[in-house]
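# Architecture and fold: a report
One-letter residues, chain by chain:
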Amino acid sequence: AQRVTQPEKLLSVFKGAPVELKCNYSYSGSPELFWYVQYSRQRLQLLLRHISRESIKGFTADLNKGETSFHLKKPFAQEEDSAMYYCALSGGAGGTSYGKLTFGQGTILTVHP
Amino acid sequence: DTGVSQNPRHKITKRGQNVTFRCDPISEHNRLYWYRQTLGQGPEFLTYFQNEAQLEKSRLLSDRFSAERPKGSFSTLEIQRTEQGDSAMYLCASRAGTGIVVKEKLFFGSGTQLSVL
């Protein structure tokens, strides 16, 4: 069975401070990991995925298979980063599993001025 | 708005009634997914269509739930004999299925919020 755990429901930081949103997963194969974000009154949208090794809006995430983690990091948080963040897992790239995601419970990030 | 469209945005119903939701995916997307999200939880996968074929259903999808995608375009999700536990946000998502994984992206709709009284 696959599982995604986000241990923090709420995270508050001040503008300019570093931020790290934690994500741990459980999956027996080679997973695809994603971070999705939902800003206030907007729909859920993809922030980044590990397969692309991209940095979006200053956020990065490294897949650590040894620790089964995919923590989201940003060195200097901005007020506009305040949102709900979901870590998600797909059982392998491509095919039917790609859109079938297992989500964590989410972390509400608040960046104070 | 050319994104994934869901109707209605909100639905209030009495226990025991049937409800139907509609999802219009992005026009060129052949893959369509339904998710359910309850308060304080992340979305949970319900079912998946490739064109008109329903290829996978979650165990969450009891026999009171049925989903269709008759012409491979829009999809409907029907809940019969609603129960209070069905109250949730029902999300639809679609993707192109190009086969180029690194370029594929799942697009979500705004959801239908169901309240069963």
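Use the structure listed above.
Our subject in this report is the structure included herewith. Since the model is a prediction, treat every value here as computed from it, not as a measurement.

## Topic: the overall build of chain B
The helix and strand tally for chain B stands at 0 helices and 11 strands. Along chain B, from the amino end to the carboxyl end, the secondary structure elements read β-β-β-β-β-β-β-β-β-β-β. Radius of gyration (C-alpha) of chain B: 14 Å, near the 13 Å computed for a compact globule of 117 residues. Oriented by its inertia axes, the alpha-carbon framework of chain B measures out at about 45 × 25 × 25 Å. Burial analysis of chain B (117 residues in total) assigns 46% to the buried set. In chain B, 54% of the contacts between residues at least 6 apart in sequence involve partners at least 24 apart. Accessible area of chain B: about 6,000 Å², with a carbon and sulfur share of 46%. The average position of the 16 basic charges and that of the 12 acidic charges among the side chains of chain B differ by 2 Å.

## Side note on the side chain of Asn30(B)
Within the fold, Asn30(B) resides in the loop between β3 (19-24) and β4 (31-37). Those residues in contact with Asn30(B) that lie beyond four places of it in its chain are Phe49(B), Gln50(B), Asn51(B), Arg69(B), Arg95(B), Ala96(B) and Gly97(B).

## What about the interface of chain B and chain A?
On the side of chain A, 20 residues touch chain B, which itself brings 25 residues to the contact. When chain B packs against chain A, the two sides together hide about 1,900 Å² of surface, and 52% of this comes from carbon and sulfur. Across the chain B-chain A interface, the total number found is 1 salt bridge. Here Glu56(B) and Lys100(A) are joined by a salt bridge, their closest N and O atoms 2.4 Å apart. On inspection of chain B and its partner chain A, the count reaches 7 residue pairs in polar contact (both at pLDDT 80 or more). Counting residues per element, the side of chain B that touches chain A draws most heavily on β4(B), at 4 residues. Grouping the constituent residues of the side of chain B that touches chain A by class yields 11 nonpolar, 7 polar and 7 charged.

## Here we look at the state of the cysteines
Counting across every chain of the model gives 2 disulfides over all chains. Here Cys23(A) pairs with Cys87(A) through a disulfide, and the sulfurs are 2.0 Å apart. Residues Cys23(A) and Cys87(A) are joined through a disulfide that is left-handed, its torsion about the S-S bond being -65°. Note that Cys23(A) is positioned in the loop between β3 (19-21) and β4 (24-26) and Cys87(A) in strand β9 (residues 83-90), a separation of 64 residues in sequence. Each disulfide pairs two cysteine sulfurs, and for Cys23(B) the partner residue is Cys92(B), the sulfurs being separated by 1.9 Å. Across the S-S bond of Cys23(B) and Cys92(B) the torsion is about -70°, and the bridge reads as left-handed. In this pair, Cys23(B) is assigned in strand β3 and Cys92(B) in strand β9 (residues 88-95), connecting sequence segments 69 residues apart. Judged on exposure class, the residue Cys23(B) and its partner Cys92(B) are both buried.

## What about the nonpolar core?
Taken as a class, soluble globular proteins show a tendency for nonpolar side chains to be buried jointly. Residues and elements named next belong to chain A. Within the largest apolar cluster, 24 residues are counted, with the highest numbers of intra-cluster contacts made by Trp35, Leu72 and Tyr85. Only β2 (10-14), β3, β5 (32-38), β6 (45-49), β9 and β11 (107-112) provide two or more residues apiece to this core. In terms of residue count, the dominant contributor to this core is β9 (4 residues). Setting aside residues no more than four positions away along its own chain, Leu72 makes contact with Val19, Glu20, Leu21, Trp35, Leu47, Leu48, Phe59, Thr60, Ala61 and Tyr85.

Cut-offs used in this document
- Residues numbered from 1 in each chain as written.
- Chains lettered and ligands numbered in written order.
- Predicted model: local features only at pLDDT ≥ 70, side-chain atom pairs only at ≥ 80, totals over all residues.
- Heavy atoms only, no water.
- Helix = DSSP H or I, 4+ residues; strand = E, 2+ residues; numbered from the N terminus.
- Rg over C-alpha atoms; globule rule 2.2 N^0.38 Å.
- Buried < 20%, exposed > 50% of the residue type's maximum accessible area, 1.4 Å probe, protein only.
- Contact = heavy atoms within 4.5 Å.
- Areas by Shrake-Rupley, 256 points an atom, 1.4 Å probe, with all protein chains shown as cover.
- Lys, Arg positive; Asp, Glu negative; His and termini not counted.
- Charge placed at Lys NZ, Arg CZ, Asp CG, Glu CD.
- Buried area = accessible area lost by both parts, 1.4 Å probe.
- Salt bridge = Lys/Arg side-chain N within 4 Å of Asp/Glu carboxyl O.
- Polar contact = N/O pair within 3.5 Å; in protein donor to acceptor, adjacent residues only side chain to side chain.
- Nonpolar A, V, L, I, M, F, W, Y, C, P; charged D, E, K, R; others polar.
- Disulfide = S-S within 2.5 Å.
- Core = buried A, V, L, I, M, F, W, Y, C linked by side-chain atoms within 4.5 Å.

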